[in-house]
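# Structural features, examined
If you want the building blocks of each chain, they are given just below.
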Amino acid sequence: MTNVNPAELRAVMDRPRSIRHLAVLSPVDKARIDILTALVSKAGILSTLESTQPGLREEEIAMCVEARTSISLYHEIPSDEIPDDAMPLDSDGRQFLINVIDTPGHADFVQEALSCLRVSDGCLVIVDCIEGVAAQTKALLRLALTERIKPVMTINRLDAGFLELQLDWEFFYNDFNRHIEKVNDIVTMYHDDVLGDLTVAPERGTVAFSAGGQAWGFTLAQFARIYGRKFGVPEDKMLQRLWGDNYFLPFEKKWTMAGDPQFRAFNLFILDPIGKIFSVCMNDQVEKLNKMLTALNIRMKPEDLQLQGKELLRVTMSNWLPIHKALLDIVCLNLPSPACAQMYRSELLYTGPADDACSQGMRMCDPQSPLILYISRMVPSADKGRFIAWGRVFSGSMKARARARIMGPNYRHGGSEDLQLKIVPRVVLLVGRRQESVESVPAGNVCGLTGIDQFIVKTATLSDSEDAFPVNQIGLSASPVMRCAVEPVRPDDLPRLLEHLRELSLQDNHVTIRIEESGQLQVAATGEQHMNNSLRLLRYDLASDLAMSVSEPVVCYRETVTRATAQDCTSRSPDELSWLSMRAEPLGRDVTHAIDQRVITPQDDVFARAEALSLALGWPVATARKVWAFGPDAVGSNLIVDASTSSRLQLVKDEIVAGFEWVTKEGVLCEEPMRGVAFSVLDSSLDGNAVQRAGGQIIPTARRVMYSAQYLSGP
């Protein structure tokens, strides 16, 4: 166990090139927890007090995984393994701080995965050696590549391959090669000229082989060092020979490019020695094992040698090839530091101009520049009902008791909406179960902020500069598809339930809480698993002392149209003194997706947005400039456009937009929200008396004509 006190940890944080932010990409299975457990047990940063408490490492992992905060690991690369001239340029010394951010692997938690990836610079792709690359792992890797996050890979569960499949070595090699090719196919598909070649390969040191359940693993570099010294061959040359079509003929003692599969270098020099240790351990051949351990210069405790079967195998392999050594080596040597990664990621993250002080500070990871801190999520604190704002400092330094501008998701530069100016009481490091207070955290690190949770809704950007722009918000990748109603058993508990629902929405960024016009409280989630987790958190944690009733989950649908309205639709007002004429048409997949991802927003420049809509939908530019509103809730993926030539429509614009909001919340088919529909107001006749064109006359008229247009457009 590596124990690093907060002072030593803070010293490493001042060297951004010695920091790595790592996201773990894998499906929902035990293998990921096994790997995290093995890493923390050997390299986890815990206080001296915590390291003496049995079972605490498992609690630390469970807490960090559930909260999606980082697990801090400390790793040092010995000089006898890698000389100074072979250390990567993107490093500052041999000591590294690795912040491992566990990314949820279930399809319902794609939005949470995006939040984790936003504060990461590299990712570890875990692939099962038997099952191959899982579909969800592919999806997470695609998201990582769009965020310009560099991958490394480990092929896991080798112990199951040796013990369960018991196939020949060539079959294993071909399987490993196939898994690597599948990962590289995705990496090649998302090629970015800025990043260059990101494909992974064992001979480059970007692929490891591991058995998380038994806590052992290796890279080709480890065996290259062993055999390089034995044969007197340079390590880099031996590394290239241990993978691919390289065969060693032991009787002739020469290398060839073709030969019997049993003489393939990977099979002969790596899989065969591992297979022999598996054989002697599973057959309890202790004498043979002792000879092997002596040859490998491995010392084991006498009580460990008394173990049998899988336990003996686990202890032997973890002593010979510890997993933390293999995985942390490939992370530190191949993944970028914040100082390097922010050079090419800042243009994706920062919404302001590339030449302002904040942007330059992000690019250079400069602790002396203006502060830019992105809050990724809210973490429950020890005080019930309070939260710690957890995120990453991209520029400047976050200092305790400093005044900061809190820019929420709806903030736009130069405005005052969703903007708070507050003092941050404390800056803390989340070290396992404890909070270690620090005076400041420089650029390139993650930290927690206390005392500002009531001013943040889900995510935010903090800065100390009035000229700063917010960090780009994460687009909507998965919309809520399930909802259920909740209500307290006792009506007096309604205010408390509302407060607990607010806490739920803070703790889970992607739960949506809605209050219907009838007063019904609804919880919306992205899927069944997400809904179950949210309700469990609400019932047994946040509102455990409150009796409530929860309805059965209902699947949410979206209504849309499939074609443009064949004829103009007209509707008269209830007093028959005014009428409106409209048409409906589909926005198309690309435009709808752009609105969902916030590429097109209501706050965009009118002329730039008009050019994009005109090009995508074929509208006249003059019409595209007259987009009145997005809906529902002023941000949805439906539009209402003034396509008329009359200026009198401005007199009833607010009433028509109110009817549009009503319609997009409750479509004509089954009163479900609408998506991807554009309504065009073509013509109108309005009464000259302002009383006769008030909301009571125009809103229901607009609602009826839009329903008619939707109904005649292939709903």
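Up top you'll find the structure we're talking about.
We now turn to the structure provided with this report. This is a predicted model, so every value here is computed, not measured. (Residues numbered from 1 in each chain as written. Predicted model: local features only at pLDDT ≥ 70, side-chain atom pairs only at ≥ 80, totals over all residues. Heavy atoms only, no water.)

### Some details on the overall build of the protein
- Counting secondary structure elements, the protein contains 24 helices and 29 strands.
- Taking 27 Å as the expected radius of gyration for a compact globule of 715 residues, we find that the protein reaches 30 Å, a close match to that expectation.
- Reported as C-alpha extents along the three principal axes, the dimensions of the protein are approximately 105 × 55 × 55 Å.
- Across the 715 residues in the protein, those meeting the buried criterion constitute 55%.
- A fraction of 72% describes how many contacts in the protein between residues 6 or more apart in sequence connect residues 24 or more apart.
- Total accessible area computed for the protein in this model is approximately 31100 Å², and 50% of it derives from carbon and sulfur atoms.
- Of note, the protein has its 74 positive side-chain charges centred 2 Å away from the centre of its 91 negative side-chain charges. (Helix = DSSP H or I, 4+ residues; strand = E, 2+ residues; numbered from the N terminus. Rg over C-alpha atoms; globule rule 2.2 N^0.38 Å. Buried < 20%, exposed > 50% of the residue type's maximum accessible area, 1.4 Å probe, protein only. Contact = heavy atoms within 4.5 Å. Areas by Shrake-Rupley, 256 points an atom, 1.4 Å probe, with all protein chains shown as cover. Lys, Arg positive; Asp, Glu negative; His and termini not counted. Charge placed at Lys NZ, Arg CZ, Asp CG, Glu CD.)

### Remarks on empty space enclosed by the protein
- For the coordinates displayed, the defined rule picks out 3 cavities of 30 Å³ or more.
- One number sums up the size of the largest cavity: a volume of about 130 Å³.
- For the largest cavity, the lining is made up of 13 residues, of which Ser70, Ser72, Asn99, Leu429 and Val446 are closest to its centre.
- For the lining of the largest cavity, the secondary-structure elements that each account for two or more residues are helix H1 (6–13), strand E2 (70–76), strand E3 (95–102), strand E15 (426–431) and strand E18 (446–450).
- Among the elements that make up the lining of the largest cavity, the one with the highest residue count is E15 (3 residues). (1 Å grid on protein atoms, 1.4 Å probe; cavity = no way out; pocket = protein on both sides within 12 Å on 5 of 7 lines; lining within 4 Å. Points joined across faces, edges and corners; volume = space filled by probe spheres on them.)

### Digging into helix H24 (residues 695–711)
- Taking 1.5 Å per residue, 17 residues should reach 24 Å; H24 reaches 24 Å between its end C-alpha atoms and fits that length.
- For H24, the full list of buried residues reads Gln697, Ile698, Thr701, Ala702, Val705, Met706, Tyr707, Ala709 and Gln710. (Expected span 1.5 Å × (residues − 1).)

### Overview of the sheet that holds E2
- With mixed pairing, the 7 strands of this open sheet are ordered in space as E2-E3-E1-E4-E5-E6-E7. Edge strands, defined here as strands with exactly one partner in the open sheet, are E2 and strand E7 (216–218). Strand-to-strand twist across the sheet, computed as the mean angle between neighbouring axes with direction ignored, equals 30 degrees.
- As paired strands, strand E6 (residues 207–211) and E7 are joined by 3 bridges and run antiparallel to one another. Note on E7: the bridge partner recorded for Ser210 is Gly217.
- Packing against the sheet, helix H6 (residues 135–146) makes contact with strand E1 (19–25), strand E4 (122–128) and strand E5 (150–156), and its axis sits at approximately 165 degrees to E4. (Pairing = 2+ DSSP bridges. Axes fitted to C-alpha atoms, helices over the stretch in contact; angles between N-to-C directions.)

### Notes on the sheet that holds strand E29 (residues 677–685)
- The strand order across the open sheet formed by 5 strands is E25-E26-E29-E28-E27, and the pairing between neighbours is mixed. Because the sheet does not close on itself, it has two edges, and the strands there are strand E25 (569–572) and strand E27 (627–631). Neighbour-to-neighbour, the strand axes of this sheet turn through a mean angle of 25 degrees, independent of strand direction.
- Direction of pairing for strand E28 (residues 638–642) relative to E29: parallel, over a ladder of 4 bridges.

### Focus: the pairing of strand E13 (residues 402–407)
- Where E13 and strand E14 (residues 419–424) come together, 6 bridges link them in antiparallel fashion. Looking across to E14, one finds that Met407 is bridged to Leu419.
- Here E13 runs beside strand E19 (residues 460–463); their pairing, made up of 3 bridges, is antiparallel. Within the sheet, the bridge partner assigned to Arg405 lies in E19 and is Ser463.

### Considering the environment of Ile19
- With respect to the element layout, Ile19 can be found in strand E1.
- As for Ile19 and Cys332, which are separated by 313 residues in sequence, their C-alpha atoms are 8.4 Å apart.
- In contact with Ile19, other than residues within four places in its own chain, are Val12, Met13, Leu97, Asn99, Pro336, Ser337, Pro338, Gly444 and Asn445.

### Some remarks on the side chain of Asp159
- Mapped onto the secondary structure, Asp159 falls in helix H7 (residues 158–165).
- Of the side chains bearing the opposite charge, Arg157 lies closest to the buried Asp159, which forms no salt bridge; the N-O distance is 5.4 Å.
- If sequence neighbours within four positions are ignored, Asp159 has contacts with Ala211, Gln214, Trp216 and Phe278. (Salt bridge = Lys/Arg side-chain N within 4 Å of Asp/Glu carboxyl O.)

### Some points on the environment of Leu89
- Relative to the helices and strands, Leu89 resides in the loop between E2 and E3.
- Sequence separation between Leu89 and Arg572 is 483 residues, and the spatial gap between their C-alpha atoms is 73 Å.

### Quick look at unusual backbone geometry
- Gly631 connects to Pro632 through a cis peptide bond whose omega is 0 degrees.
- Take Pro632: it is sitting in the loop between E27 and E28.
- In this structure, Lys253 takes a positive phi of about 55 degrees despite not being glycine.
- Mapped onto the elements of the fold, Lys253 is located in the loop between strand E8 (247–249) and strand E9 (254–256).
- For Lys253, a relative accessible area of 68% corresponds to the exposed category.

Scope: geometric values only; no functional claims are made or implied.
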